[in-house]
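Structure assessment
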Amino acid sequence: MQIVLVEDNPLMQQLFTIFLRGQGFEVTVAATGAAALAAPISSPALFLIDLRLPDCDGFDLLQQLRTRPELRQCPAIALSGLGESDRHAALAAGFDRFLTKPTDLDELMLTISELLGGMPAR
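Residues numbered from 1 in each chain as written. Predicted model: local features only at pLDDT ≥ 70, side-chain atom pairs only at ≥ 80, totals over all residues. Heavy atoms only, no water.

Looking now at the overall build of the protein chain. Looking only at helices and strands, the protein chain has five helices and five strands in total. Shown N-terminal to C-terminal, the secondary structure of the protein chain runs as helices and strands in the order β-α-β-α-β-α-β-α-β-α. Here the C-alpha radius of gyration of the protein chain, 13 Å, is about what a compact globule of 122 residues would show, namely 14 Å. For the protein chain, the spread of C-alpha atoms along the three principal axes comes to 35 × 30 × 25 Å. Looking at the protein chain as a whole, 47% of its 122 residues are labelled buried. Taking all contacts inside the protein chain whose residues are at least 6 apart in sequence as the whole, residues at least 24 apart take part in 61%. (Helix = DSSP H or I, 4+ residues; strand = E, 2+ residues; numbered from the N terminus. Rg over C-alpha atoms; globule rule 2.2 N^0.38 Å. Buried < 20%, exposed > 50% of the residue type's maximum accessible area, 1.4 Å probe, protein only. Contact = heavy atoms within 4.5 Å.)

This part covers helix α5 (residues 105–116). Look at α5: 16 Å from first C-alpha to last across 12 residues, which is about the 16 Å you get at 1.5 Å a residue. Within the span of α5, buried status applies to Leu 108, Met 109, Thr 111 and Ile 112. Considered in projection along α5, the buried side chains sweep an arc of 160° and stay on one side of the axis. More than 90 degrees from the buried face of α5, the exposed residues found are Asp 106 and Leu 110. Taken together, the buried residues of α5 touch β1 (2–6), α1 (10–22), β3 (46–50), β4 (76–80) and β5 (97–100). Where α5 begins, the side chain of Asp 104 points an oxygen toward the backbone nitrogen of Asp 106, at a separation of 3.0 Å. The first or second residue beyond α5 is Gly 117, which carries a positive phi of 70°. (Expected span 1.5 Å × (residues − 1). Arc of directions from axis to C-beta. Polar contact = N/O pair within 3.5 Å; in protein donor to acceptor, adjacent residues only side chain to side chain.)

What follows concerns the sheet that holds β3. Here five strands make up an open sheet; going across it, the order is β2-β1-β3-β4-β5 and the pairing parallel. The strands lining the two open edges of the sheet, one partner per strand, are β2 (26–30) and β5. Strand-to-strand twist in this sheet, taken as the mean axis angle between neighbours without regard to direction, amounts to 20°. Of the pairings in the sheet, the one linking β1 to β3 comprises four bridges and is parallel in character. (Pairing = 2+ DSSP bridges. Axes fitted to C-alpha atoms, helices over the stretch in contact; angles between N-to-C directions.)

This part is about the pattern of salt bridges. In total, this model carries five salt bridges according to the counting rule given. Where Lys 101 meets Glu 7, a salt bridge forms, and the shortest distance between an N and an O atom there is 2.9 Å. Of this pair, Lys 101 sits in the loop between β5 and α5 while Glu 7 sits in the loop between β1 and α1, placing them 94 residues apart in sequence. Classification of Glu 7 as buried rests on a relative accessible area of 1%. One network of salt bridges, with partners in common, ties together Glu 7, Asp 50 and Lys 101. (Salt bridge = Lys/Arg side-chain N within 4 Å of Asp/Glu carboxyl O.)

Shown next, in the form of structure tokens:
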């Protein structure tokens, strides 16, 4: 199962990528909204999107991704370092879940499992 991680911080990219690959996921990383839109994404299982990107915000990016018919139903988790103040806006914008950064990896896995109905086979 493929997860698309849209995150501009290289350390967070590395942390999430190593962790998620260790859990059996394929991870595609994009550092900007433009890179995410240009990436060859066909049928990801899930999006993990930072709400504060250098070229756009995660709210707008999710709206643009969801205009593609093949991505309309793809679950999306919002990530924010600003804490709970973004939770309501993220859920109202169409994100399925909201997690704060730094992100508890056990909570991340529980959230992914809930959204995907289980974990990938290793």
